[in-house]
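Structural features, examined
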Amino acid sequence: MSEIQRLDARHADALLRFERDNRAYFARWVPDRGDAYFAGFAERHTALLAEQATGRCHFHVLVDDDGAVLGRFNLVDVADGSAELGFRVAERACGRGVATDGVRRVIGLARDAYGLRRLVASAARDNAGSLGVLRRTGFSAVGAVLLDGRPGVRHVRELGCDEAGPPIG
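Residues numbered from 1 in each chain as written. Predicted model: local features only at pLDDT ≥ 70, side-chain atom pairs only at ≥ 80, totals over all residues. Heavy atoms only, no water.

1. Brief notes about the sheet that holds strand 2 (residues 58–63)
If you walk across this open sheet you meet the 7 strands as 1-2-3-4-5-7-6, and the pairing is mixed. Each edge of the sheet is formed by a strand with only one pairing partner; in this case those strands are strand 1 (3–6) and strand 6 (140–147). Each strand of the sheet is rotated relative to its neighbour by a mean of 25 degrees, with strand direction disregarded. Note: strand 4 (residues 82–89) against strand 5 (residues 118–124), 3 bridges, orientation parallel. Across the sheet, E84 pairs through a bridge with V120, a residue of strand 5. Packed on one face of the sheet, helix 4 (residues 41–53) meets strand 1, strand 2 and strand 3 (69–79) and runs near 120 degrees to strand 2. (Pairing = 2+ DSSP bridges. Helix = DSSP H or I, 4+ residues; strand = E, 2+ residues; numbered from the N terminus. Axes fitted to C-alpha atoms, helices over the stretch in contact; angles between N-to-C directions. Contact = heavy atoms within 4.5 Å.)

2. Digging into the environment of G138
Here G138 shows up in the loop between helix 6 (128–136) and strand 6. In contact with G138, not counting residues within four places along its chain, are V156 and R157.

3. Examining the side chain of R157
Along the chain, the position of R157 falls in strand 7 (residues 150–158). In terms of polar contacts, R157 uses its side chain to reach the backbone carbonyl oxygen of T137, at 2.8 Å. (Polar contact = N/O pair within 3.5 Å; in protein donor to acceptor, adjacent residues only side chain to side chain.)

4. So, the environment of L70
Here L70 shows up in strand 3. Judged by its relative accessible area of 6%, L70 falls in the buried class. (Buried < 20%, exposed > 50% of the residue type's maximum accessible area, 1.4 Å probe, protein only.)

5. Here we look at the packing of aromatic side chains
The description of an aromatic ring pair rests on the distance of the ring centres and on the angle between the ring planes. Under the defined criterion, the tally for this structure stands at 5 aromatic pairs. Residues Y37 and F41 carry aromatic rings whose centres are separated by 5.7 Å and whose planes lie at 80 degrees to one another, so their mutual orientation is edge-to-face. You can call Y37 buried: its relative accessible area is 11%. Of the aromatic side chains, those joined through ring pairs into one cluster are F18, Y25 and F26. Positioned above the aromatic ring of Y37 is the side chain of R33, whose terminal nitrogen or guanidinium carbon lies 4.7 Å from the ring centre. Its end group placed over the ring of F26, R88 keeps NZ or CZ at 4.3 Å from the ring centre. (Phe/Tyr/Trp six-rings, centres within 6.5 Å; stacked < 30°, edge-to-face > 60°. Lys NZ or Arg CZ within 6 Å of the ring centre and 35° of its normal.)

Written out as structure tokens, the structure reads:
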């Protein structure tokens, strides 16, 4: 059984392992983070936690029973009841509904724990997996966008206060 957890200091080692193990896989869909990201990971992790403490971002990891990270689900640029959703899931967990489940859980947290009313997310046009996740979790395409030079689609998800939330536990 997997559990969504708010990112904290105890996740550093598992998160670094997740990023290293999936680096080549992620680079097929999004720009590679580069060697400097891995060399300075400890400092970067500390900076993310400091940024999260300001309330401008909410970072989450989906962990399995052994504490291994299966995915990252982040809400960034929080302002005026809105945030940008970003997510990535380990290659070994793809095709099993892990991303869809994680996004549903973060939608619930965004609405119920963080008081957000709107999420936006983008995915490259050639990233069928992410586009499918956004569609299955209630996001609507609103227009074209360039993602690091690649054509993409911008999506929006309104978070009604009266809507029944997905399970978050």
